[in-house]
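# What the coordinates show
Spelled out, the chains give:
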Amino acid sequence: MDFNFTEEQLALKDTLRRFVRKEYSFEHRRQAMASRHGFDRDAWNTFAELGLLGLPLQESLGGLGGTAVDSMVVMEILGEALSLEPFLSSSLLCGSVLNAVPVTATLQELAAQMMTGRHIMALAHYEPGSRYDLAQVSTTATATAGDWVISGSKSVVLGAPNADTVIVSARTPGGVSLFLVDSRAPGLAMRPYATQDGLRAADLILERVTVPRQSLLAPEGDGLKLVEQALDTATAALCAEAVGIMDRLNQTTVEYLKTRKQFGTMIGKFQALQHRMAEMVVATEQARSMAIMAAIKVSSTERAERAAAISAAKAYVGNQARFVGQQAVQLHGGIGVTDELDVAHYFKRLTMIGHTFGDYDHHIARFAEAL
C-alpha cells in the first residue's frame, strides 16, 4: 500500500494551504460563522475557482474525477482552517450519490451549477430516533399519476439551511429510494440551527411534498446502498479532516509551550510536557495512516472490505483525536476552553466529528459485523 502523495496532490495541498493561511484567519472564521449563511461565500467561490467543488464529481458529470485520496488532501487542509463551507455535505456527500446513479442531462446541469458554487445540496437521510441505523426510514413516497408524494421527517441534515436541493430518502414499494427535492418546495418545512462546532444544520418536515417522477434517483429501492456508500466516502473524509485539526493543535500547543513561562522558565523545557507532546505527535501520525487507508479502501467494490476499513479508521481516528484534543486543552491550562482561543473550537470540532455518521460504539459494532 503506497502512503505517499503524488506531485499533483502535494501541489493542490500547498495551494489550498497558502489560501487558507492568508485569507482564512480565526477572526475571519468567527465573522463568517456569525453571518447569514454561516460561512464565507467568497471563500466558497474561491473553492470553485480552484476546482475543489468539481474534484469529487466523475468526469461524465463534467467533474474532475478525483479520488478519495484527492479529497483527503483537501479535507486535511480544511480541517487545519476549521472551514465552515459545505464542501463535505454538498460536494462530497451529495456528489458521491450523484456519481453512483445513471447520468442524465438534468444531473449534468445540476453538477455544473454545483461546480461553480451557485448550487448547494444536502443529504437528508437520518430520522429522529434512528441512531445511525440507515435502514430505519419511516418517510414514505407514494406514486401518483405523474408524481411522487413524500411525507415524513428528517433530523440533523448537515448544510440544509443553505441548500438549494435536498436528496431525500423515502420508503417506496420497492424499498428505500432517493429523490431530488427543491428546498423551497411547498410542504417542506425546515427548522435551521447552528451545531456546537459552528456549522449549520436543520430538521426537515415533509407534508405531502410533490415532486415529478424524474426526481427519483437511480432504480427504485437502491437508496440504502447509495446512502451507505456516500456516507463511507464522507466518513473517510472526516478522518482526514480530524488529522488536519490534530496537526494544527500540535503546532499551536508547541508554540504555546515555547512561550508560556512558569517558575522563570518556559514550560516546554519540562520533560513531562515534552513526553506528552511527543505522544500527541505519534497519535496524529497513527491517525494519518488510518485516514490514508480509509481513503484507499473507500473505492473497494467489496462492501464488507470497505465497511471494515472505514469503520476501523473512524473508531481509531476518533480515539486518537479525543486524546490529542484533550491534551491540547490541558496543556493550554484555563485558556484552553475559552471562546477567544482557537484551541477550544478545534476541540469542539473534533468532538463533533467523533459523533458524525456514527460514534465509536457504532463503528466498532459495524467493524465486527463486516468481519
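Above this text you will find the structure in question.
Below you will find a few notes about this structure. Everything numeric here is computed off the predicted structure, so don't read it as measured data.

With that settled, the discussion passes to the pattern of salt bridges. Where charged atoms of side chains with opposite charge meet at close range, the side chains can pair. Applying the stated rule across the entire model yields 20 salt bridges. For Asp203, the salt bridge identified is with Arg191, shortest N-O distance 2.6 Å. With Asp203 in strand β7 (residues 200-212) and Arg191 in strand β6 (residues 188-194), this pair connects stretches of sequence that are 12 residues apart. Overlapping salt bridges bring together Lys13, Glu76, Asp247, Glu285 and Arg288 as one network.

On to the pairing of β7, then. Judged from the 9 bridges that link them, strand β3 (residues 147-158) and β7 form a sheet pairing that is antiparallel. Residue pairing across strands places Lys154 opposite Leu204, the latter belonging to β7. The pairing of β6 with β7 spans 7 bridges and is classified as antiparallel. Bridging across to β7, Leu188 finds its partner in Leu206. Counting the residues that bridge the hairpin from β6 to β7 gives 5 residues, and of these Gly198 lies at a positive phi of roughly 95°.

Let's shift gears to the nonpolar core. Among the nonpolar cores identified, the biggest contains 90 residues, and Leu16, Phe87 and Ile167 are the most heavily contacted of them. Of the residues forming this core, the biggest block, 17 residues, is contributed by helix α7 (residues 223-259). In this structure Leu16 touches Phe47, Leu50, Leu52, Val74, Ile77 and Leu78, once residues within four positions along its chain are discounted. Formed by 20 residues, the second largest nonpolar core is a distinct cluster that contains Ala124, Ile150, Phe179 and Leu206.

Cut-off values and rules
Residues numbered from 1 in each chain as written. Predicted model: local features only at pLDDT ≥ 70, side-chain atom pairs only at ≥ 80, totals over all residues. Heavy atoms only, no water. Salt bridge = Lys/Arg side-chain N within 4 Å of Asp/Glu carboxyl O. Helix = DSSP H or I, 4+ residues; strand = E, 2+ residues; numbered from the N terminus. Pairing = 2+ DSSP bridges. Core = buried A, V, L, I, M, F, W, Y, C linked by side-chain atoms within 4.5 Å. Buried < 20%, exposed > 50% of the residue type's maximum accessible area, 1.4 Å probe, protein only. Contact = heavy atoms within 4.5 Å.

Everything listed here is a matter of geometry and, on its own, says nothing about what the molecule does.
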